[in-house]
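# Inside the fold
Here is how the chains run, residue by residue.
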Amino acid sequence: AQSVTQPDIHITVSEGASLELRCNYSYGATPYLFWYVQSPGQGLQLLLKYFSGDTLVQGIKGFEAEFKRSQSSFNLRKPSVHWSDAAEYFCAVAARGTNAGKSTFGDGTTLTVKP
Amino acid sequence: DAGITQSPRHKVTETGTPVTLRCHQTENHRYMYWYRQDPGHGLRLIHYSYGVKDTDKGEVSDGYSVSRSKTEDFLLTLESATSSQTSVYFCAISEYSNQPQHFGDGTRLSIL
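Residues numbered from 1 in each chain as written. Chains lettered and ligands numbered in written order. Predicted model: local features only at pLDDT ≥ 70, side-chain atom pairs only at ≥ 80, totals over all residues. Heavy atoms only, no water.

### A word on the interface of chain B and chain A
Chain B puts 22 residues into the contact, and the matching count from chain A is 21 residues. Roughly 1700 Å² of surface becomes buried between chain B and chain A when both sides are summed, with 52% attributable to carbon and sulfur atoms. Linking chain B with chain A are 1 salt bridge, by the criterion used here. Note that A:Lys102 and B:Asp56 form a salt bridge whose closest N and O atoms lie 3.9 Å from each other. (Contact = heavy atoms within 4.5 Å. Buried area = accessible area lost by both parts, 1.4 Å probe. Salt bridge = Lys/Arg side-chain N within 4 Å of Asp/Glu carboxyl O.)

### Some details on the state of the cysteines
Taken as a whole and judged by the stated rule, the model has 2 disulfides over all chains. Residue pairing for A:Cys23: its cysteine sulfur links by disulfide to A:Cys91, the two sulfurs lying 2.0 Å apart. Because the torsion about its S-S bond is -65 degrees, the bridge between A:Cys23 and A:Cys91 counts as left-handed. With a gap of 68 residues between them, A:Cys23 in the loop between β3 (19-21) and β4 (24-26) and A:Cys91 in strand β10 (residues 87-94) connect regions that are remote in the sequence. Each member of the pair, A:Cys23 as well as A:Cys91, is classed as buried. Linked covalently through their sulfurs, B:Cys23 and B:Cys91 form a disulfide whose S-S length is 1.9 Å. Looking down the S-S bond of the B:Cys23 and B:Cys91 bridge, the torsion is -70 degrees, so its handedness is left-handed. With a gap of 68 residues between them, B:Cys23 in strand β3 (residues 19-25) and B:Cys91 in strand β9 (residues 87-94) connect regions that are remote in the sequence. (Disulfide = S-S within 2.5 Å. Helix = DSSP H or I, 4+ residues; strand = E, 2+ residues; numbered from the N terminus. Buried < 20%, exposed > 50% of the residue type's maximum accessible area, 1.4 Å probe, protein only.)

### Considering the environment of B:Glu79
Residues and elements named next belong to chain B. Structurally, Glu79 is set in the loop between β8 (73-78) and β9. Taking the C-alpha atoms as reference, Glu79 lies 6.6 Å from Val19; in sequence the two are 60 residues apart. Those residues within four positions of Glu79 in sequence are excluded, and the remaining contacts are Thr17, Pro18, Gly63 and Ser65.

Below, the structure is given as structure tokens:
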């Protein structure tokens, strides 16, 4: 069965500093990978996705993520954090084949941005 | 934004009562999903649908049933609500199973 681990429950960074949120997955083949962001009281919004090809993917709001097959990781990065980036971030993996439709989400990382 | 409406947005009910949550989409997407979100657990899939009258269980399906009689509507029913089902419930849709999901704004359900 697929699984997703986000090792950091809570991260605090200063505004303007760089950010990296970690995501490790377990899946038998190359998965579909996603990062979502959730603001308080809202649903999740897609930041970026990886299906195949180039391992560095660009997303909205200046975010990027790098797929590393050897490390089973899909870490999210941003070079300079803005106060509006404070939110909860979720990594997710979608299965292929017979389990298509059964996405698995990590437990989330809450980002706090210090002024 | 994708056209997804969840109703009700908030509900308080008592243990043992039936509860039905509704998800309505205007995107004509094939896939629809119900998740619950609890602190420390992220989102957990309850049930999903891959077409009218076609549904499958997720990882936390016990105590829940679903129905999809029309492409645009996906209903989640708690036949006899328990306090452990107090949660925030999210509906999501996607055009295909491997595509990103678009989420509704959630339903906050409290079972006393």
